[in-house]
Every structure is written in C-alpha cells, then in structure tokens.
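Tertiary structure, described
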Amino acid sequence: MSELPTDLFTAIDHVGVAVADLDEAVSFHERVYGMRKLHEEVNEEQGVREAMMAVGDSGSCIQLLAPLSPESTIARFLERSGPGIQQLAYRVADLDAVSATLRERGLRLLYDAPKRGTSNSRVNFIHPKDAGGILVELVEPAQVAAH
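Remember, it's a predicted structure, so these values are computed and weren't measured experimentally.

What about the pattern of salt bridges?
The full count for this structure, using the stated rule, is ten salt bridges. A salt bridge links Glu 40 to Arg 49, with the nearest nitrogen and oxygen atoms 2.8 Å apart. By relative accessible area, Glu 40 is classed as partly exposed at 31%. Its salt-bridge partner being Arg 122, residue Glu 140 comes within 3.1 Å of it at the nearest N-O pair. Taken together, the positions of Glu 140 in strand β8 (residues 136-140) and Arg 122 in strand β7 (residues 122-126) put the pair 18 residues apart, joining distant regions of the chain. We classify Glu 140 as buried; its relative accessible area is 11%. A relative accessible area of 27% means that Arg 122 is categorised as partly exposed.

Considering the side chain of Glu 140
Within the structure, the side chain of Glu 140 is placed 2.7 Å from the backbone nitrogen of Leu 95, a separation counted as a polar contact. Aside from chain neighbours lying at most four places away, what touches Glu 140 is Val 92, Ala 93, Asp 94, Leu 95, Asp 96, Ser 121 and Arg 122.

Quick look at the pairing of strand β5 (residues 84-91)
Summarising the sheet, strand β1 (residues 11-18) and β5 pair through seven bridges and their orientation is antiparallel. By the bridge assignment for β5, Ala 18 is matched with Gly 84. Across four bridges, β5 lies against β8 in parallel orientation. From the neighbouring strand, Tyr 90 faces β8, where its bridge partner is Leu 138.

Brief notes about the sheet that holds β5
The mixed open sheet is built from eight strands, whose spatial order is β2-β3-β4-β1-β5-β8-β7-β6. Edge positions in the open sheet fall to β2 (36-43) and β6 (115-116), since each of these has one partner strand only. Along the sheet face, helix α1 (residues 22-31) touches β2, β3 (48-54) and β4 (61-67) and points at about 5° away from the line of β3. Across the sheet, helix α2 (residues 73-81) lies against β1, β3, β4 and β5, angled at about 90° from β4, the strand it touches most.

Regarding unusual backbone geometry
In this structure, Ser 119 takes a positive phi of about 55° despite not being glycine. Mapping Ser 119 onto the fold places it in the loop between β6 and β7.

Cut-offs and rules
- Residues numbered from 1 in each chain as written.
- Predicted model: local features only at pLDDT ≥ 70, side-chain atom pairs only at ≥ 80, totals over all residues.
- Heavy atoms only, no water.
- Salt bridge = Lys/Arg side-chain N within 4 Å of Asp/Glu carboxyl O.
- Buried < 20%, exposed > 50% of the residue type's maximum accessible area, 1.4 Å probe, protein only.
- Helix = DSSP H or I, 4+ residues; strand = E, 2+ residues; numbered from the N terminus.
- Polar contact = N/O pair within 3.5 Å; in protein donor to acceptor, adjacent residues only side chain to side chain.
- Contact = heavy atoms within 4.5 Å.
- Pairing = 2+ DSSP bridges.
- Axes fitted to C-alpha atoms, helices over the stretch in contact; angles between N-to-C directions.

Take a look at the structure:
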C-alpha cells in the first residue's frame, strides 16, 4: 500500500442537490438564500442540466442537478427519493493519485477512468456502499476554472 497521505481532499467542493426544475431551484437559491449562480451547463454524459450556486465567498457551492431525461441517474434518484441531497463532493489536487489510494484501501469507484464533470473538471465517485451510504464525488478542477 502506498504511504498514507494525511489529507486526500483539499476542500468540500460542492453538495449536489437533485431538483425537478432547475430554473425554479436557481430562483429559490438566489431569492431566499441570497446565493449567486456561478455557472450553468448541460452535461449530456451525466444526463443533467446543472447550476453551481456560490456559498458566500467560501469557494464551496451547491450544485443543483435536474435530469435531462427520465432515464438519467438524477431522474431515478428523484423518483426513488424525491428532491434533496444526492451527493457530497470533495475537491482533490490529483484525482488519479487519490483514486489509486482509495482503491488500495478497498473502496470501489464507479468508473475505471475519470469522467468529465462541471466546467471540464475530472470526476469519479466512491460507491455509496463503501462510503456509509453517501455518494461521494471526487473533483479535480480544470486548471482554468474552479467551477
């Protein structure tokens, strides 16, 4: 096993929240919580339309996720659990190194190789059964933008 790093994660990147209507959810977060939208995009590969809402100046965000189709992971989550927290995402400096360390520690990751996340970040997920029932996302931000 590789030497154990003291900190695998550099920050809480975001908390992903499944919503049925992205525009309505963005409006609520702006109007009620005073958050500002940093970024919005459609991620066909992940099957979502998403918006990153800034939590003050902390660098952390709430990621609002709306399904693109009834077959998407978020649509299935909404059907099973209703709207709410879908995942917790930790920021990492080196996704490949963190993934290798977690695999050495016996955790299963959902993808063999990283996928494209928000703003061209690289992402992978720890299987919820290996993370106390929580879907944990690992996010290595693109070099150009944090979100």
